[in-house]
Amino acid sequence: MGSGPRPLIAARVMPGCRPRRILTRGLAPAYIRLAMRGRLFLETFGCQMNVLDSQLVAGRLRACGFEIVDDPDSADVILYNTCSVRDHAEQKVWSRLGELQDARKRRPHLVIGVIGCMAERQGTAMFHKYPHVDLLCGPAELDKLPAMVCNALATRLADPAAALRQTALAGPRAGRNAAVPWGDSDALETLDLSRSVVRGDDAARAYVRVTRGCNKFCSYCIVPYTRGPEVHRPPANIIAEVRKLADGGALEITLLGQTVNHYFWKEPDGRAVRFADLLYMIHEAVPSVRRLRFVTSYPRDFGEDVLAVMRDCPRICRYLHLPAQSGSDRMLRLMRRGYTAAQYVELIDRAREMLPDVSIASDFIAGFPGETEDDHRLSMDLIRRCRFKNSFIFKYSPRPGTAAAREYPDDVPVEVKRRRNNELLAVQQEVALELNRAMVGQTVEVMVEGPSPVGARRSAADAADDAPAAAAAPWRPGKEICQLSGRTRGDQIVCFDGDPSLAGRIVNVAIIEVSPLALRGRLVGGDGV
Ligand code: SF4
């Protein structure tokens, strides 16, 4: 963290004033008003659920008067929304916090907070390791965060030496099974309900939560301990949120849940709403949503009714993310996944039978405790057999507090985990390349996300010189273009040259070449949505 411009708000601290060192009562209103014009930097690590949590939290704080900034050096409040699923993700946050020690010395009013799974998992031990951390808020307590942030900044502005140490953590409640099954009796529901919709490039794609938490307790996974038990949101609230987002310009909605297909709601009249019902209801209620997706599905009990709704509703994308984790029954048992490899394959076959064009992604863990070369080979075989469009492959790292960390020694050497990880990746890339090659010559519908992270900007004139594809595209001569990327309905990444203003639109792209990771094509039009 380098030295940056002095925050606006720091100059407004009233010298000589010594209010009480408590958070709300006794604070001069002037400090509270100043705090509510603070600048917030929020960095997100981890999954889509965290991305959504960050959007909701940022929206609430924006509504309170905070300005969201991209530069941590200009912020009055720095929050990290963290992930504990792998050790690597936590190490990144420790390193960010280490860098902030100097920032706090330079800007004594700065408020530093850790939110999300790592805050919940580490708890107040974080204060001992890094005393400059001021607040911790677990993922099941985020409705309390706006008040905590306002109070913390007001207190710091009044007294830069104030020791804050605020916490909102579920603690042992987080690990309890289905303690609060219904979203309408859950305080966190207010965070989702308060969602603000801002029109702009990002408005075209949005996440909507349908279920919070997880009850599955896979032996390696920290999520049930950090996010708490499954809580299902009322269908009416979900549909109202989707409608609000669609009215704000959303064309693609992704429904989120840790095990999204296990969604279940009971209406007051006793009528049950299962995930297939919910999908159908959203599809029918908000036809302006052109793409309806959902992640992440749990392979056990994945109902044929969901596949049938996907088959019958044209705006539901034929994409499934079904983490297998291993191809070995012995490993699946130790992981407590609740299915065998044969049952998993049966599900994939059934999905392909009902939806011949379905695109399927998976997850694998390399080097789970006790994994032998034979177990590893079974995972490679499963990738070949199921022909995933991609797999998220990770080396096992024990998460303290989980059953696997308690009960199984982490006995696969690091170099073996690395080799197996690479071998799984290599097999997956072979499969993906074969699938992608079959798409050359096809025209696919792409939701444009924006400039590709690897795409070099260049002028339209340059592009016309070296790429006939670019010359055929409909942008005006001389206008700057760049490499854009987007996703097909089956979630394949597509890169093509185009005008950056296409971000957030749905276009058609003819595929001309492929790699294992992406398709490359030329723009052939779109509906200009
Ligand atoms: S289903 Fe298993 S892996 Fe997925 S969040 Fe729940 S416990 Fe973790």
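Not measured: the values here are computed from a predicted model. Counting from 1, residues in each chain are numbered in the order their sequence is written. Selection of residues for local features in this predicted model requires a pLDDT of at least 70, selection of side-chain atom pairs for listing and counting requires 80 or more, and totals for whole chains, interfaces and linings are taken over all residues. With hydrogens and water stripped out, all remaining heavy atoms of the structure feed into the side-chain values.

Some words on the overall build of the chain
The number of helices and strands found in the chain is 18 helices and 21 strands. Burial classification: accessible surface area is computed with a 1.4 Å probe over protein chains only, and a residue below 20% of its type maximum counts as buried, one above 50% as exposed, and the rest as partly exposed. When each of the 529 residues of the chain is scored for burial, the buried share is 55%. Whether two residues are in contact is decided by their heavy atoms, any of which lying within 4.5 Å being enough. Counted over contacts in the chain with a minimum sequence separation of 6, partners at least 24 positions apart contribute 75%. Summed over all atoms, the accessible surface of the chain reaches about 21,800 Å², with 52% contributed by carbon and sulfur. To qualify as a helix, a DSSP run of H or I must reach at least 4 residues; to qualify as a strand, a run of E must reach at least 2; elements of each kind are numbered from the N terminus. Residue burial considers only the protein chains on display, and all accessible areas are found by Shrake-Rupley using a 1.4 Å probe.

Some details on the environment of Pro400
Positionally, Pro400 belongs in the loop between strand S16 (390-395) and helix H15 (403-407). Here Pro400 falls in the partly exposed class, since its relative accessible area comes to 43%. Between the C-alpha atoms of Pro400 and Ile222, which are 178 residues apart in sequence, the distance is 8.0 Å. Residues in contact with Pro400, not counting those within four places in the same chain, are Arg121, Ile222 and Ala405.

Structural notes on the site of the ligand
Throughout this document, a residue counts as near a molecule or strand when at least one of its heavy atoms sits within 4 Å of that molecule or strand. If you check the shell around the ligand, you find Cys214, Lys216, Phe217, Cys218, Tyr220, Cys221, Val223, Pro224, Gln258, Thr259, Tyr298 and Arg337 and nothing else. Any residue outside Ala, Val, Leu, Ile, Met, Phe, Trp, Tyr, Cys, Pro, Asp, Glu, Lys and Arg is labelled polar, Gly included; the first ten of those are nonpolar and the last four are charged. In terms of residue class, the shell around the ligand is made up of 8 nonpolar, 2 polar and 2 charged.

Some remarks on the sheet that holds S16
At least two bridges found by DSSP between two strands are what make those strands a pair. Taken together, the 3 strands give an open sheet; going across it, the order is S14-S15-S16, and neighbouring strands pair in parallel fashion. Each edge of the sheet is formed by a strand with only one pairing partner; in this case those strands are strand S14 (319-321) and S16. Within the sheet, the average angular offset between the axes of one strand and its neighbour, ignoring direction, is 10°. Across 3 bridges, S14 lies against strand S15 (residues 359-366) in parallel orientation. Paired with His321 across the two strands is Ala361, which belongs to S15. Every axis corresponds to a line fitted to the C-alpha atoms, with the helix fit spanning only the stretch in contact, and the corresponding angles, defined between N-to-C directions, vary from 0 to 180 degrees.

Brief notes about the environment of Lys266
Structurally, Lys266 is set in strand S11 (residues 264-266). The partly exposed category is assigned to Lys266, whose relative accessible area is 47%. Distance in space between the C-alpha atoms of Lys266 and Pro234 is 8.6 Å, their sequence separation being 32 residues.

Digging into the packing of aromatic side chains
Each aromatic pair joins two rings of Phe, Tyr and Trp (for Trp, the six-membered one) with centres within 6.5 Å, and gets the label stacked for planes under 30 degrees apart, edge-to-face for over 60, and tilted for any other angle. Inspection of the entire model under this criterion finds 10 aromatic pairs. Joined through ring pairs, the aromatic side chains of Tyr220, Phe368, Tyr396 and Tyr408 make up one cluster. Two limits define a charge over a ring: the Lys NZ or Arg CZ must be within 6 Å of the ring centre, and within 35 degrees of the ring normal. In this structure, Lys216 is placed above the aromatic ring of Tyr298, and the distance from its NZ or CZ to the ring centre is 5.7 Å.

Quick look at the nonpolar core
One finds Ile253, Leu255, Phe275, Leu279, Phe294, Leu320 and Tyr344 to be the most contacted residues of the largest nonpolar core, which totals 58 residues. The dominant element in this core, judged by the number of residues it contributes, is helix H13 (residues 341-354), at 7 residues. Where each domain starts and ends follows an automatic or database-derived domain assignment. A domain-level breakdown of this core finds at least three residues from each of domain 2 (177-317) and domain 3 (323-438). When sequence neighbours within four positions are dropped, the list of residues in contact with Ile253 reads Ala206, Val208, Val242, Leu245, Val289, Arg291, Leu292 and Arg293. To qualify as a nonpolar core, a set must consist of buried Ala, Val, Leu, Ile, Met, Phe, Trp, Tyr and Cys residues joined through side-chain atoms within 4.5 Å.

Description of helix H11 (residues 304-312)
Every buried residue belonging to H11 is among Val306, Leu307, Ala308, Val309 and Met310, and all of these are buried. At its buried positions, H11 is contacted by helix H10 (275-285), strand S13 (291-295), S14 and H13.

So, the pattern of salt bridges
Here, a salt bridge means any Lys or Arg side-chain nitrogen found within 4 Å of an Asp or Glu carboxyl oxygen. Inspection of every chain in the model, using the stated rule, returns 44 salt bridges. Here Asp301 makes a salt bridge to Arg300, at a shortest N to O gap of 3.5 Å. Residue Asp301 is classed as exposed on the basis of its relative accessible area, which comes to 55%. Ionic pairing is found between Asp357 and Arg318, a salt bridge with its closest N-O pair at 3.1 Å. Separated by 39 residues along the polypeptide, Asp357 in the loop between H13 and S15 and Arg318 in the loop between H11 and S14 bring together distant segments of the chain. With a relative accessible area of 25%, Arg318 lands in the partly exposed category. When salt bridges with common partners are traced through the structure, they connect Asp53, Glu189, Asp192, Arg195, Arg209, Arg212, Arg227, Arg233 and Glu241 into a single cluster.

What is shown is where atoms sit, not what they do.
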